[in-house]
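Report on the structure
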Amino acid sequence: MTPVVPARPLLVAIVLAALVCGGIVIALELASDHQDLKAVWAIFGPAVGWSFIGTGLYAWRRRPESRIGALMVLLGFAWFLFTLQAANSRLVYTFGLVAGSLWGAIFLHLGLSFPTGRLTHGLDRTLAIAGYFVFPLAFVPALLFAGPHELNCDKCPTNLLLVRRDADVAAILTGLGALCYLVLFGVVLAWAVRRWRATPPLDRLQLTPVYTFSLLTFLLVTVARAGAGDAAQWPAFISTLLMPFAFLAGLLRTHLSLLDAELRASLEDLRASRTRIVEAGDAERRRLERDLHDGAQSRLVALKLLLSSTRLRARRGGEGVDAMLGEAIDELDTSLSELRELARGIHPAVLTDHGLEPALQALASRAPVPVTVDADADAPLPGNVESAAYFVVSEALANVAKYAQATEAAVAVRRSDGRVTVDVTDDGVGGADVTRGSGLRGLADRVAALDGTLSLESPVGGGTHLHAEIPCG
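First things first, this report covers the structure right here in the doc. (Residues numbered from 1 in each chain as written. Predicted model: local features only at pLDDT ≥ 70, side-chain atom pairs only at ≥ 80, totals over all residues. Heavy atoms only, no water.)

Looking at helix α4 (residues 90-99)
Operational definition: Relative accessibility under 20% of the residue-type maximum defines a buried residue, over 50% an exposed one, and the middle range a partly exposed one, all with a 1.4 Å probe and only protein chains included. To qualify as a helix, a DSSP run of H or I must reach at least 4 residues; to qualify as a strand, a run of E must reach at least 2; elements of each kind are numbered from the N terminus. It only takes one pair of heavy atoms within 4.5 Å for two residues to be counted as in contact.
Inspection of α4 places Y93, T94, G96, L97 and A99 among the buried residues, and these make up the whole buried set. Summarising the contacts, the buried residues of α4 are in contact with α3 (68-82), α5 (102-113) and α7 (140-143).

Dropping the structure here:
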């Protein structure tokens, strides 16, 4: 799934909405007839929402592939619903009592899905769904029988859900609601411990602060909703205020962990590539030694013997010296041809003398199938880049000749935006694989050594397309 980065208009809209909601909270808190410590709540109320929204937007932009940032923003706005309990209006106050607890459900969703923001297992989804029922609804039955006194707020408006005041029934239902919270907390605690134990040691560094703050906040909120009062309420709110920074720290540390893993993987690839380069170099040296021994060296030894015989015959005044010298010259010409052919395999003279396009045309002329060459020769390329591009085409056309069963092929070399792209296509049988055979793998290593990339598309029966991109300054 492609990461979705929030667009600037959306960011501006969210920030403006957060400021408006914060302003409404400040006005409600200062105008409340039943809120104690109005000034404290006028600061603390919007601060919690803004802290979640601000850190959420930052996390969203820094880690767009994770949904944690968006969930944190949503939690911040849900917190503003909780602060509606300061309202003097019965309707707004009652709505705050019920809908305000949604922040706890989103909070649980955050913890269960950290660090991706996605609920990937059945138990995770079950717990999240349970949270969206338990947090807003667990204490609703108690509201049917609880007046302001039973809610420990004699100055508060009477909630609109009240059917009949009954302190005993309200206390029992409040206890049952707290029990629902406590049971859910126990299950989440067991889930967190099991997941933490199953997590590699490095990843535990990211999960520990998130789980610690999350479970502590969950427990304090549970105790506060059970009627413990300010003794648990204020610690719960302070812990809530610190939570977004714990989530952000864990998310960024997770990002660092991923970068570390990618770096380790890159180092492993580099080690493997260097090993293959060394092995390929050794194999190439052995091939050169064998070719020199079986070809030019043998001919030069024979030439030496022939010239020695010619010299002896010349000293004796024998006949046939001219014919023997002619044979020696022919043998020398053959040796020179073999040496040139051998040198062409190491670095073709036409590439050095005339450049990339003539060298590619020479390759195309020797191919067993028609090959069209389209090369951008507007500006010279660095020698190592030119050489890499040449050998990409050389190996690709060699594979066309050996395996592709193609009727035609095409070569295209383009230079743009500081990169050279090389494309070789054929209409053969396909089925090529970079991981099989040393030729293509060696090409991938050669291109990677220049910080380039090599890719291959070769569906069976659909031809082959080899694509290389090489930086060229």
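We are not done yet, so read on.
Some words on the packing of helix α1 (residues 8-31) against α3
The axes of two packed helices give the description: the angle between them and the distance between them. To keep things clear, this is the line we draw: Helix axes use the C-alpha atoms of the stretch in contact, all axes being lines fitted to C-alpha atoms, and the angles between their N-to-C directions lie in the range 0 to 180 degrees. Convention used here: angles under 35 degrees read as roughly parallel, angles over 145 as roughly antiparallel, angles from 65 to 115 as roughly perpendicular, and any remaining angle as oblique. By convention the crossing between two helices is left-handed if the near helix lies anticlockwise of the far one by an angle smaller than a right angle, and right-handed if it lies clockwise. Residues are sorted three ways: Asp, Glu, Lys and Arg are charged, Ala, Val, Leu, Ile, Met, Phe, Trp, Tyr, Cys and Pro are nonpolar, and all the rest, Gly among them, are polar.
Direction vectors running N to C along α1 and α3 enclose 20 degrees, while the axes themselves pass 10 Å from each other. Taken together, α1 and α3 sit at an angle that is classed as roughly parallel. With respect to the hand of their crossing, α1 and α3 are arranged in left-handed fashion. Each of I14, A17, A18, C21, G22 and V25 in α1 lies in contact with α3, whose residues at this interface are V73, F77 and F80. Class assignment for the residues of the contact of α1 with α3 results in eight nonpolar, one polar and no charged.

What about the sheet that holds strand β1 (residues 371-375)?
For the record, the criterion: Pairing between strands is defined by DSSP: at least two bridges between them are needed.
Strand order across the open sheet formed by five strands is β1-β2-β3-β5-β4, with mixed pairing between neighbours. The open sheet has two edge strands, β1 and β4 (453-457), and neither has a second partner. Recorded for the sheet is a direction-independent mean angle of 10 degrees between the axes of neighbouring strands. Packing of helix α13 (residues 356-366) onto the sheet brings it into contact with β1 and β2 (409-416), and relative to β1 it is tilted by some 175 degrees. Across the sheet, helix α14 (residues 383-404) is in contact with β1, β2, β3 (419-426) and β5 (464-471); its angle to β3 comes to roughly 10 degrees.

What to know about empty space enclosed by the protein
Condition: Points on a 1 Å grid, built from protein atoms alone, make a cavity when a 1.4 Å probe fits but cannot get out and make a pocket when they are open with protein on both sides within 12 Å along at least 5 of 7 lines; residues with an atom within 4 Å of a point are the lining residues. Grid points are joined across faces, edges and corners, and a volume is the space filled by probe spheres set on the points.
By the definition in use, this model includes one cavity of 30 Å³ or more. Computed from the structure, the largest cavity encloses a volume of approximately 110 Å³. Residue lining of the largest cavity: F107, L108, G111, L112, V188, W191, A192, Y211, S214, L215 and F218, and that is the complete set. Sorting the residues of the lining of the largest cavity by element identifies α5, α8 (167-198) and α9 (201-228) as the ones contributing at least two each. Looking at the lining of the largest cavity residue by residue, the class counts come to nine nonpolar, two polar and no charged.

Quick look at the pairing of β2
Both β1 and β2 contribute to a ladder of five bridges, which runs parallel. Within the sheet, the bridge partner assigned to D374 lies in β2 and is A412. As defined by bridge partners, β2 adjoins β3 across eight bridges and the pair is classed as antiparallel. Each bridged residue has a counterpart across the sheet, and for A412 the counterpart in β3 is D423. Counted between consecutive antiparallel strands, the loop separating β2 from β3 contains two residues, among which D417 sits at a positive phi close to 55 degrees.

Let's talk about the state of the cysteines
Condition: The rule for a disulfide is simple: a pair of cysteine sulfur atoms within 2.5 Å.
All chains considered together, the criterion is met by one disulfide. A sulfur-sulfur distance of 1.7 Å marks the disulfide that ties C153 to C156. Classification of the bridge connecting C153 and C156 rests on its S-S torsion, roughly 75 degrees, and on that basis the disulfide is right-handed. Here C153 matches C156 in class, with each residue buried.

Things to note about unusual backbone geometry
Its identity is not glycine, yet Q405 carries a phi of approximately 55 degrees, on the positive side. Along the chain, Q405 falls in the loop between α14 and β2. Residue class for Q405 comes out exposed when judged on its relative accessible area of 66%. One non-glycine residue, D417, lies in the positive phi region at around 55 degrees.

Some remarks on the side chain of N399
Position of N399 among the secondary structure elements: in helix α14. Once you skip the residues sitting within four places of it in the chain, N399 turns out to touch A404 and L440.

Concerning the pattern of salt bridges
Condition: One side-chain nitrogen of Lys or Arg within 4 Å of one carboxyl oxygen of Asp or Glu is enough to make a salt bridge.
Counted according to the given criterion, the structure contains four salt bridges. One salt bridge connects R419 with E469, and the closest N-O pair in it is separated by 3.2 Å. Placement of the pair is R419 in strand β3 and E469 in strand β5, with a sequence separation of 50 residues. Relative accessible area serves as the criterion here: at 25%, E469 is assigned to the partly exposed category.

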